[in-house]
Amino acid sequence: MIIAIDGTLASGKGTIATRIAAYYSLPHMDTGRLYRATGVAAMRAGVPLDDAKGLAELASTLDPGIYEEADLRTAEAGAAASKVAAIPEVRAALLELQRTFAQQPTGAVLDGRDIGTVVCPDADVKLWVDADTEVRAERRHRELAAAGDPITIEELIRQLHERDERDRSRKDAPMKMAADAVLIDTTHLTIDAAVEKARATVEAVMTRQE
Ligand code: C5P
């Protein structure tokens, strides 16, 4: 069973994906980390964030050790990720890795922006997770503040708008809900309620497939 969980920044998709993967004992890939790792690696190596060839080279030779680094969680890494993610050569360099992960015999959970539309268009379950911008900004603010980042909510709202706009308007694999995805709006949901909704959707698909 392949479960594709896409959605906007700080909508709760990552937590839903982690909990659904644990519940069904499926391997999980947070695909945003690939783009964040590419952005961070580029900044460290001094590769400009619009150098398609240099970035694609970095993306195809990423050291897996970088995925666990705290530097990937910063707002700066997120912004760099969104810039490199708009470059088709970077997306192409990361595509096979994601598809291979999805094709494991056990199945898999992948979360990102284009899993249901591009990476796994035949996924068994597709979820689209979203929430109002203010609520997303508050959530991200709590996370970043806990990590010692002094960024304000106002600045985060501005960054969320900018990032969503860039992710939605890029030509290659823009962020959008797949036509056959189920929407989970987490604006007024606790994380437990959102996970429960996701689980109910998976269960409904499994029942249909039996
Ligand atoms: O989800 P996360 O905030 O870690 O993603 C960082 C950026 O990586 C996103 O803003 C988006 O530009 C890019 N991304 C993407 N496709 C994915 C996952 C992430 O373009 N499947």
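Computed from a predicted model, the values in this text were never measured in an experiment. (Residues numbered from 1 in each chain as written. Predicted model: local features only at pLDDT ≥ 70, side-chain atom pairs only at ≥ 80, totals over all residues. Heavy atoms only, no water.)

Description of the site of the ligand
Near the ligand, the surroundings consist of 16 residues, among which Arg36, Arg91, Arg113, Arg163 and Asp167 are the closest. Here an oxygen atom of the ligand and a side-chain polar atom of Lys13 are 3.2 Å apart. Arg113 places a polar side-chain atom, nitrogen or oxygen, 2.8 Å from an oxygen atom of the ligand. In the complex, 98% of the free accessible area of the ligand, which totals 460 Å², lies under the protein chains. (Near = heavy atom within 4 Å. Polar contact = N/O pair within 3.5 Å; in protein donor to acceptor, adjacent residues only side chain to side chain. Areas by Shrake-Rupley, 256 points an atom, 1.4 Å probe, with all protein chains shown as cover.)

So, a negative patch on the surface
A surface patch of negative charge is lined by Asp132, Glu134, Glu138 and Asp185. By the element assignment, Asp132 lies in the loop between strand S4 (125-130) and helix H7 (133-146). (Patch = residues over 30% accessible without salt bridge, like charges linked within 9 Å, V, L, I, M, F, W, Y side chains within 5 Å. Salt bridge = Lys/Arg side-chain N within 4 Å of Asp/Glu carboxyl O. Lys, Arg positive; Asp, Glu negative; His and termini not counted. Charge placed at Lys NZ, Arg CZ, Asp CG, Glu CD. Helix = DSSP H or I, 4+ residues; strand = E, 2+ residues; numbered from the N terminus.)

Considerations on the side chain of Arg36
Among the secondary structure elements, Arg36 is positioned in helix H2 (residues 32-45). Lacking a salt bridge, the buried Arg36 has Asp30 as its closest oppositely charged neighbour, with an N-O distance of 6.2 Å. A polar side-chain atom of Arg36 sits 2.7 Å from the main-chain carbonyl oxygen of Leu72. Not counting residues within four places of it along the chain, the set of residues in contact with Arg36 comprises Leu9, Leu72, Arg73, Thr74, Ala77, Gly78, Ala81, Arg140 and Arg163. (Buried < 20%, exposed > 50% of the residue type's maximum accessible area, 1.4 Å probe, protein only. Contact = heavy atoms within 4.5 Å.)

Considering the pairing of strand S1 (residues 2-7)
Burial analysis of S1 places six of its six residues in the buried class, the great majority of the element. Burial along S1 is two-sided: Ile2, Ala4 and Asp6 and Ile3, Ile5 and Gly7, pointing in opposite directions, are all buried. As defined by bridge partners, S1 adjoins strand S3 (residues 108-112) across five bridges and the pair is classed as parallel. Note on S3: the bridge partner recorded for Ile2 is Ala108. (Pairing = 2+ DSSP bridges.)

Quick word on the pattern of salt bridges
Going through the model one piece at a time under the given rule, you end up with 16 salt bridges. Across the pair Arg33 and Asp30 runs a salt bridge whose closest N-O atoms are separated by 3.4 Å. The exposure class assigned to Arg33 is partly exposed, which follows from its relative accessible area of 27%. Taken together, the salt bridges that share partners define one network made up of Glu155, Arg158, Glu162 and Arg166.

So, the side chain of Thr187
Looking at the secondary structure, you find Thr187 in the loop between strand S5 (182-185) and helix H9 (191-209). Of note is the side chain of Thr187, whose polar atom sits 3.0 Å from the backbone nitrogen of Asp132. Within polar-contact distance, the side chain of Thr187 engages the side chain of Asp185 at 2.6 Å. Beyond its immediate stretch of four places on either side in the chain, Thr187 contacts Asp130, Ala131, Asp132, Val135 and Arg139.

What about the packing of H2 against helix H5 (residues 88-102)?
As a packed pair, H2 and H5 sit with axes 11 Å apart at the nearest point and diverge in direction by 135 degrees. By the angle between their axes, H2 is oblique relative to H5. The two elements H2 and H5 cross, and the hand of that crossing is right-handed. On H5, the residues touching Leu34, Tyr35 and Thr38 of H2 are Val90, Arg91, Leu94, Leu97 and Gln98. In terms of residue class, the contact of H2 with H5 is built from five nonpolar, two polar and one charged. (Axes fitted to C-alpha atoms, helices over the stretch in contact; angles between N-to-C directions. Parallel < 35°, antiparallel > 145°, perpendicular 65-115°, else oblique. Left-handed = near helix turned anticlockwise from the far one by under 90°. Nonpolar A, V, L, I, M, F, W, Y, C, P; charged D, E, K, R; others polar.)

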